[in-house]
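# Understanding the architecture of this molecule
The primary structure of each chain is shown beneath.
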Amino acid sequence: MLFLLPPSETKRAGGDGHPLDVSQLSFADLAALRTELADRLMALSADESAAMSALKLGPRLAGEVHHNRALRTSATMPALDRFTGVLFDALDTATLDARARSFSADTVVVHSALFGLVGAMDPIPAYRLSHDSRIPGVVLKRFWRDAIAERIASHDGLIVDLRSEAYAELGPAPARDGSVFVRVVAVDDGGRRRALNHFNKQAKGRFTRRLLETRPQLDSVDDLMTWAGDQGFRLAPGAAKPGAPLEVDLVA
């Protein structure tokens, strides 16, 4: 099974891992694309003013440009530890035991705008690049879409897509049995569902943490539904969209 997470804009600084080696990340066949994009981002970041405009950064975030300039020399840490923000705060990797972290390496992938798909324990540096950043000579959607979609589709087990719609656009999951896109919704007194924002990320973090704590073997959507219910999460069939993965609503 494969659980796909979105990244976060914010990242933890520092680390104690060796400098970046893109060939050592999961999905090593993406190395050439990663190298090209890293080179372009570093070149952009040589001009702080241009980089801040392209990356949509305010004055207080000028230090993020330094992270980009130091991509190849700064220390790394596992991807799940690097990302911060609401989803990753709820996931709280610092309190996961060794078995949960090992399980994450086999099941959880984060979709990075810079590195493409990275495994949960892949060592990455701090950086700043989001799905809507403007890199000279690159349109990120065109740059990543086919490559990411092909790698996800090559997985022949259950695919649980917890990404935002914006990141799913950078590489859609396949529309087939055993591939689901999870939305987090609230249900009002009239039974109407509405998508959530802050609690969307929090719920996805708690959902993923429970996966890592319990380490189930999920081979089908039915397995996913049963496991989620047993763990106190309510999953319900969502909207059906032609040519898209099955939508499943996580009711918060």
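First, a word on what this report is: a plain description of the structure on this page. In this text, all values refer to a predicted model and were calculated from it rather than measured experimentally. Each chain carries its own residue numbering, running from 1 in the written order of its sequence. Local features in this predicted model are restricted to residues of pLDDT 70 or higher, and side-chain atom pairs are both shown and tallied only at a pLDDT of 80 or more, whereas totals for entire chains, interfaces and linings draw on every residue. Calculated side-chain values reflect all of the structure's heavy atoms, with hydrogen atoms and water omitted.

What follows covers the side chain of Glu247. The residue Glu247 is located in strand E10 (residues 246-251) in this model. What qualifies as a polar contact is a pair of N or O atoms within 3.5 Å, subject to a donor-acceptor requirement within protein and to the restriction that residues adjacent in sequence count only when both atoms come from side chains. Within the local environment of Glu247, its side chain forms a polar contact with the side chain of Arg183, the two groups lying 3.5 Å apart. Residues are treated as being in contact if the distance between any of their heavy atoms lies within 4.5 Å. In this structure, Glu247 is in contact with Phe181, Arg183, Pro237, Gly238, Ala239 and Lys241, ignoring residues within four places of it in sequence. For the purposes of this entry, the term helix denotes a DSSP run of H or I that reaches at least four residues, the term strand denotes a run of E that reaches at least two, and both are numbered from the N terminus.

We define a salt bridge as a side-chain nitrogen of Lys or Arg found within 4 Å of a carboxyl oxygen belonging to Asp or Glu. Evaluation of the coordinates by the stated rule reveals 16 salt bridges. A salt bridge links Glu169 to Lys141; the shortest N-O distance between them is 2.9 Å. You can see Glu169 sitting in the loop between helix H8 (165-168) and strand E7 (179-187) and its partner Lys141 sitting in helix H7 (residues 140-153), a full 28 residues away along the chain. Three exposure classes are used, based on accessible area relative to the maximum for each residue type with a 1.4 Å probe and protein chains only: buried under 20%, partly exposed in between, and exposed over 50%. Residue Lys141 is classed as partly exposed on the basis of its relative accessible area, which comes to 39%. Arg151 serves as the salt-bridge partner of Glu150, at 3.5 Å between the closest nitrogen and oxygen. For Arg151, a relative accessible area of 16% translates into the label buried. Taken together, the salt bridges that share partners define one network made up of Glu9, Glu64 and Arg128.

Let us look at the layout of surface pockets. Taken as a whole, the second largest pocket encloses approximately 290 Å³ of empty space. If you trace the second largest pocket, you find 14 residues lining it, with Ala168, Glu169, Phe181, Ala244 and Pro245 closest to the centre. When residue character is reported, Ala, Val, Leu, Ile, Met, Phe, Trp, Tyr, Cys and Pro are called nonpolar, Asp, Glu, Lys and Arg charged, and the others, Gly included, polar. Residue classes in the lining of the second largest pocket are distributed as six nonpolar, one polar and seven charged. Of the two site types, the cavity is a set of points on a 1 Å grid over the protein atoms alone where a 1.4 Å probe fits but cannot get out, and the pocket is an open set with protein on both sides within 12 Å along at least five of seven lines, each lined by residues with an atom within 4 Å of a point. Grid points are joined across faces, edges and corners, and a volume is the space filled by probe spheres set on the points.

Any Phe, Tyr or Trp ring, taking Trp's six-membered ring, that has another such ring centre within 6.5 Å forms a pair; planes under 30 degrees apart are called stacked, those over 60 apart edge-to-face, and the others tilted. By the definition in use, this model includes six aromatic pairs. Taken together, a centroid distance of 5.4 Å and an interplanar angle of 80° make the contact between Phe115 and Tyr127 edge-to-face. Linking Phe115 in the loop between strand E3 (108-112) and strand E4 (116-119) with Tyr127 in the loop between strand E5 (123-124) and H7, this pair joins segments that are 12 residues apart in sequence. Owing to a relative accessible area of 1%, Tyr127 belongs among the buried residues under this scheme. Put simply, the rings of Phe3, Phe207, Trp227 and Phe233 touch in pairs and so form one group of aromatic residues. Any Lys NZ or Arg CZ that is within 6 Å of a ring centre and within 35 degrees of that ring's normal is treated as a charge sitting over the ring. One residue, Lys11, lies across the ring of Tyr127, its end atom 4.3 Å from the ring centre.

Let's shift gears to the environment of Asp132. Topologically, Asp132 is positioned in the loop between E5 and H7. Through-space distance from the C-alpha of Asp132 to that of Ala166 is 8.5 Å; in sequence the pair is 34 residues apart. Among the polar contacts listed, one links the side chain of Asp132 to the side chain of Lys56, at a separation of 3.4 Å. A polar side-chain atom of Asp132 sits 2.7 Å from a polar atom in the side chain of Ser130.

Attention now moves to H7. Each full turn of the α-helix corresponds to 3.6 residues, which orients residues three or four apart in the same direction. A helix is expected to span 1.5 Å for every residue after the first. Taking 1.5 Å as the rise per residue, H7 with 14 residues should run 20 Å; its terminal C-alpha atoms sit 19 Å apart, in good agreement. Considering bend angle alone, the principal kink of H7 is centred on Asp146 and spans about 25°. Of the residues making up H7, those classed as buried are Leu140, Phe143, Trp144, Ala147, Ile148, Arg151 and Ile152. Residues of H7 that are buried in the fold lie against strand E1 (2-5), helix H1 (31-45), E3, E4 and strand E6 (159-161). By definition, a residue's bend is the angle between the axes fitted to the seven residues ending there and the seven starting there.

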